[in-house]
Amino acid sequence: MLRKVFIALAIIVGTAQPLLAGNMKVDPKADFKAFREYFTKKFPNLQLNDFVNGPYSMDVGLRKQWISIEQFPPYEFAVDKGKEMMSKPFKNGKTLADCFSNKGVGIRQNYPYFDKKTGEVVTLELAVNQCLKKNGEKTLNYKKDDMAAVTAYMAFTSRGKNMDIKIPDDPRALAAYNKGEEYFYTRRGQFNFSCASCHVQLAGKHLRTEVLAPALGILNAMPIYRSNWGGMGTISRRFTSCNTQVRADALKPQDELYRDVEYYLSYMGNGLPIVGPGSRP
Amino acid sequence: MRTRALIRLAVVLSVAGMTTATFAASQADYKAAYGKAEAAAKQAVKMKTGWTTTDKELKAAKKAAATGKYDEAVKLADHAKALAEASIAQAKEQAKIWPEAVIR
């Protein structure tokens, strides 16, 4: 009898989901559903796939400007350069393309992923630098220039595919997802803003001269050519600049917390098309 | 007699006034204030909750001290300490309440 009780307890404990503070379960599927419903209710006239166009889906005037910009996309040079870099041989004869499945073509939508070996989230930017390091090459600045070019090319080859982030049945993956969710909703900086302050509560509204993009599908257009930057920028660049904009110290690019929030946000964008590289005001 | 008492009182008050006016912060006061501010700022950075304005105030304090303006330097250092402590308090509070903001 006692043995049966122990077995029952072991089953209950073994299948228990990681718990949040306050005994809330980590439930990505439920979060995904609630997230989707929130934004589709908030913007009932918006086509679901249009959320990935960020501020251009929120403002008619901006959209017109964007359509004319896209006739001569400012990220084109970056895509060409990225393609070149993917096939340029390293000193050891291998290439960047050799580090990725299908030579890096049409795979962007699978990043970031949870690496069961290391127990960490691997983003596309991290994977690029891991490849370079492994092959004895100099790593790239995470925020712009060549990194933006490589990831721009890879995003471009995934256009038409939908974001497809997996959260495996692994407590560490759920913990990473949860940390990402926590980061997204945690207020920081002297201005006391969280990511959600702008991209959930104020989505579609103006903050100074900018129209705030909704969080739904917000990473599907990355990397971006941003007029404000006068150049290309990666997800790392956007995260670090968002932090300093609210007077919070930026973390190091690809800090674990940044990778976790990218994991969370990308998962929330599942099923929406990859439209990167994008252009933004 | 009365005049002398008044004169004495005037001398005592003016000496007290001069003493107050010349009681300014010293380099040691600045170093103590800066040390406390720096420690708080480091704690905030360790918790990944630092504010950019804390660092700015610390740098301003150092700059003021370098030109001998210790009063100003102490004020800036004290302000930096207050900012760092506020950022730590923010992180501790947010660690408890962030779930309330989540879309469910």
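Residues numbered from 1 in each chain as written. Chains lettered and ligands numbered in written order. Predicted model: local features only at pLDDT ≥ 70, side-chain atom pairs only at ≥ 80, totals over all residues.

Thoughts on the overall build of chain A
Move 1: Looking only at helices and strands, chain A features 10 helices and 7 strands.
Move 2: Over its C-alpha trace chain A gives a radius of gyration of 20 Å, about what one expects of a compact globule, namely 19 Å for 281 residues.
Move 3: Seen through its C-alpha atoms, chain A measures out along the principal axes to roughly 75 × 50 × 35 Å.
Move 4: Residue burial in chain A is summarised as follows: out of 281 residues, 43% are buried.
Move 5: For chain A, long-range pairs separated by at least 24 residues make up 71% of all intrachain contacts whose partners lie at least 6 apart in sequence. (Helix = DSSP H or I, 4+ residues; strand = E, 2+ residues; numbered from the N terminus. Rg over C-alpha atoms; globule rule 2.2 N^0.38 Å. Buried ≥ 20, exposed ≤ 12 C-beta atoms within 10 Å, placed from the backbone. Contact = placed C-beta atoms within 7 Å.)

Quick notes on the overall build of chain B
Move 1: Secondary structure assignment for chain B yields 4 helices and 0 strands.
Move 2: From first element to last, N terminus to C terminus, chain B shows the α and β order α-α-α-α.
Move 3: Relative to its full complement of 104 residues, chain B shows a buried share of 27%.
Move 4: In chain B, the share of contacts with a sequence separation of at least 24, taken over all contacts with a separation of at least 6, comes to 70%.

Re the environment of alanine 78 of chain A
Residues and elements named next belong to chain A.
Move 1: Structurally, the position occupied by alanine 78 is in helix α4 (residues 76-87).
Move 2: Distance in space between the C-alpha atoms of alanine 78 and aspartate 146 is 8.0 Å, their sequence separation being 68 residues.
Move 3: Beyond its immediate stretch of four places on either side in the chain, alanine 78 contacts Ala148, Ala149, Ala152, Met232 and Pro277.

Regarding unusual backbone geometry
Residue and element names in this part refer to chain A.
Move 1: Here the bond from tyrosine 111 into proline 112 is cis, since omega is 5°, no more than 30 degrees from zero.
Move 2: Here proline 112 is to be found in the loop between α4 and β1 (113-115).
Move 3: In this model, methionine 222 is joined to proline 223 through a cis peptide bond whose omega is 0°.
Move 4: Positive phi is not limited to glycine here, since arginine 247 has a value of about 65°.
Move 5: By the element assignment, arginine 247 lies in the loop between α9 (235-245) and α10 (256-268).
Move 6: A residue is classified by how many C-beta atoms lie within 10 Å of it, and arginine 247, with 20 of them, is buried.

Quick word on the interface of chain A and chain B
Move 1: In this complex, chain A contributes 25 residues to the contact, which on the side of chain B involves 16 residues.
Move 2: Where the side of chain A that touches chain B is concerned, the elements lending two or more residues are α2 (28-42), α7 (171-185) and α8 (195-201) of chain A.
Move 3: In terms of residue class, the side of chain A that touches chain B is built from 12 nonpolar, 7 polar and 6 charged. (Nonpolar A, V, L, I, M, F, W, Y, C, P; charged D, E, K, R; others polar.)

Side note on α4 of chain A
Three- or four-residue spacings in an α-helix give side chains the same orientation, since the helix completes a turn every 3.6 residues.
Residue and element names in this part refer to chain A.
Move 1: Spanning 12 residues, α4 covers 18 Å between terminal C-alpha atoms, matching the ideal 16 Å at 1.5 Å per step.
Move 2: When α4 is considered as a whole, its buried residues turn out to be Ala78, Val79, Gly82, Lys83 and Met86. Along the axis of α4, the buried positions cluster into a sector of 140°, meaning they face one direction only.
Move 3: Packed against the buried residues of α4 are α6 (145-156) and β6 (231-233). (Expected span 1.5 Å × (residues − 1). Arc of directions from axis to C-beta.)

Examining the nonpolar core
Residues and elements named next belong to chain A.
Move 1: Counting residues in hydrophobic clusters, the biggest one holds 65 residues, and the most contacted among them are Val128, Val150, Ala152, Tyr153, Phe184, Tyr264 and Leu265.
Move 2: The greatest single-element share of this core, amounting to 9 residues, is contributed by α6.
Move 3: Residue contributions to this core reach at least three from each of two domains, namely domain 1 (18-73 + 162-280) and domain 2 (76-156).
Move 4: Ignoring anything within four residues of it in the chain, the contact list for alanine 152 reads Tyr75, Ala78, Val79, Gly82, Pro223, Met232, Gly276 and Pro277. (Core = buried A, V, L, I, M, F, W, Y, C linked by C-beta atoms within 7 Å. Domains from an automatic or database assignment.)

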